[in-house]
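Fold and contact review
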Amino acid sequence: MDIKGTARPCDGAGISAFLHSLPVSPLVLGLGEARHFVEELGELRNDIFRHLVEHEGYRSFAIESDCLKALLVDEHIATGAGTLDDVMEHGFSHGFGAVPANRDLVRWMRAYNEEHDDKVRFFGVDGPLEYWAESPRQALTGLYDLLGGPLLQAVVAGETLDALLGPDARWSNEATAMDPSQSIGQSADARRLRLIADDLVALFDTQAPQLSAEARDRAALYGRTAVGLLRYHYWLADTSPARWTRLSALRDAMMAANLRAIAEHGPALVFASNLHLQRNKTYMSFGDHQLEWWSAGAIAATHLGDRYTYLASALGTAGDDDPPPDTIEGVLSTLPWDHSIIDARRLAETVPEPAPRTSHDFAYFPLDPPHLDTIDGIVFLKRAVRMKKLG
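First things first, this report covers the structure right here in the doc. Because the structure is predicted, anything quoted here is derived from the model rather than measured.

**Some details on the environment of Gln290**
By the element assignment, Gln290 lies in strand β7 (residues 289–294). Expressed as a C-alpha distance, the spacing of Gln290 and Trp244, which sit 46 residues apart in the sequence, is 9.5 Å.

**Here's the deal with the side chain of Ser273**
Here Ser273 lies in strand β5 (residues 268–273). Within the structure, the side chain of Ser273 is placed 3.1 Å from the backbone nitrogen of Leu275, a separation counted as a polar contact. Here Ser273 is in contact with Gly32, Glu33, His36 and Glu64, once residues within four sequence places are set aside.

**Digging into the environment of Pro26**
Tracing the sequence through the fold places Pro26 in the loop between α1 (12–20) and β2 (28–33). Separated by 279 residues in the primary sequence, Pro26 and Gly305 have C-alpha atoms spaced 9.3 Å apart.

**With respect to helix α11 (residues 243–263)**
Helix length check: α11 (21 residues) gives 31 Å between terminal C-alpha atoms against 30 Å at 1.5 Å per residue, within 8%. Within α11, 15 of the 21 residues are buried, leaving the element largely enclosed by the surrounding structure.

**Digging into the pattern of salt bridges**
In total, this model carries 19 salt bridges according to the counting rule given. Salt-bridge contacts for Arg50 lead to Asp47; the nearest nitrogen and oxygen are separated by 2.4 Å. Of the two residues, Arg50 and Asp47 both sit in helix α2 (residues 39–55), 3 residues apart, roughly one turn of that helix. Assessed through its relative accessible area of 23%, Arg50 is described here as partly exposed. Since its relative accessible area comes to 42%, Asp47 is described here as partly exposed. Between Asp321 and Arg357 there is a salt bridge, and its shortest N-O distance comes to 3.4 Å. In this pair, Asp321 is assigned in the loop between β8 (308–318) and α14 (328–332) and Arg357 in the loop between α15 (344–350) and β10 (377–384), connecting sequence segments 36 residues apart. In the salt-bridge network here, residues are joined through shared partners; they are Glu39, Glu40, Glu43 and Arg386.

**Let's talk about a negative patch on the surface**
Together, Glu75, Glu214, Asp217 and Glu264 give the surface a local cluster of negative charge. Tracing the chain through its elements places Glu75 in helix α3 (residues 70–79). Under the relative-accessibility criterion, Glu75 is labelled partly exposed at 39%.

**Topic: the packing of aromatic side chains**
Working definition: an aromatic ring pair is given by the centre-to-centre distance plus the angle between the planes. Under the defined criterion, the tally for this structure stands at 10 aromatic pairs. Relative to Trp244, the ring of Tyr131 has its centre 5.8 Å away and its plane inclined at 80 degrees; by these criteria the two rings are edge-to-face. Linking Tyr131 in the loop between β4 (121–126) and α6 (137–146) with Trp244 in helix α11, this pair joins segments that are 113 residues apart in sequence. Seen from their ring centres, Trp244 and Phe286 are 4.8 Å apart, and the 40 degrees between their planes marks the pair as tilted. Here Phe286 lies in strand β6 (residues 281–286) and Trp244 lies in helix α11, a separation of 42 residues in the sequence. Exposure class is identical for Trp244 and Phe286. Each is buried. An aromatic cluster of three or more residues is present, and its members are Phe49, Phe61, Phe92, Trp108, Tyr112 and Phe122.

Rules behind the numbers
Residues numbered from 1 in each chain as written. Predicted model: local features only at pLDDT ≥ 70, side-chain atom pairs only at ≥ 80, totals over all residues. Heavy atoms only, no water. Helix = DSSP H or I, 4+ residues; strand = E, 2+ residues; numbered from the N terminus. Polar contact = N/O pair within 3.5 Å; in protein donor to acceptor, adjacent residues only side chain to side chain. Contact = heavy atoms within 4.5 Å. Expected span 1.5 Å × (residues − 1). Buried < 20%, exposed > 50% of the residue type's maximum accessible area, 1.4 Å probe, protein only. Salt bridge = Lys/Arg side-chain N within 4 Å of Asp/Glu carboxyl O. Patch = residues over 30% accessible without salt bridge, like charges linked within 9 Å, V, L, I, M, F, W, Y side chains within 5 Å. Areas by Shrake-Rupley, 256 points an atom, 1.4 Å probe, with all protein chains shown as cover. Lys, Arg positive; Asp, Glu negative; His and termini not counted. Charge placed at Lys NZ, Arg CZ, Asp CG, Glu CD. Phe/Tyr/Trp six-rings, centres within 6.5 Å; stacked < 30°, edge-to-face > 60°.

In short, shape yes, function no, at least from these values alone.
Set out below in structure tokens:
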């Protein structure tokens, strides 16, 4: 089976050739992770982004990390504020600040901005949440502080807002992930805060003309994050069988809203799990429940159309696990390059019935053969052996 005609080396020339083969230039180029914490993939991602900046006009990078924490990283990249150690410790969620490739990327982006007037930007695409969620304090008070005038006090006084929020610990309680009774998301205070958040976002819409472009971007981020967090907290307190499906869908909807906002700054490379960036529904077993919801990529593509492009990553040898030859990963392992970029739809025509690959690594998600034709391209690593062990 000759698949070489569907593929190119995944180097600068290969990336540019793939982009120029698309009907239009994407505003969001999603590079999915088949597995988090694969060092080789992070290093390849950095090479891709550098090429996109230097040769394709890209100026934005986004990662599956807390969108509010990422403001610290963006400020450091723009101005040099803070130390690199502090930024890596406090500017990322999910443990991503400890990833060497992320540190290398932040260092490179800062150095680039020191030498160029046309600056690069850093964004987080995820909400301030894990399976549980953080306090909405930063988002609500951040939006509140950007607004003004008599109507602001009519919505809520600052002291009242602070009292309703209360201690952050009562929100960011990890136990709420598995125990809805420990969540305050449906308390009287939380219900009132949802109305206040809605009123503050509406007030922002009326005051937008008097705000600078930077303040409008920041206010919009705070507003959608506050509303999203309070929705998420509400469903953390839910006891129905729909709880985890709803929480998963809300998280991806928050990601999709961030993707659309990032797209307004021009073409961006977004690095997140394949499951979040794919165009099809996500299916996942969770305890006794089978969950299904639309991914952030599917939602964003609904709005962006063909200005959204999705590159799924795939691994050949993953650790000590070699792919069976009749799987997609096994077929791609016959390519002569260590790193390849493949036209996924042409591959689907060339390899019509590949076998599904199974993995004993719960953190690794192999390609799903029936959905191969919903992917624009595949970034394939023939070997990935430097992976952080999870669980």
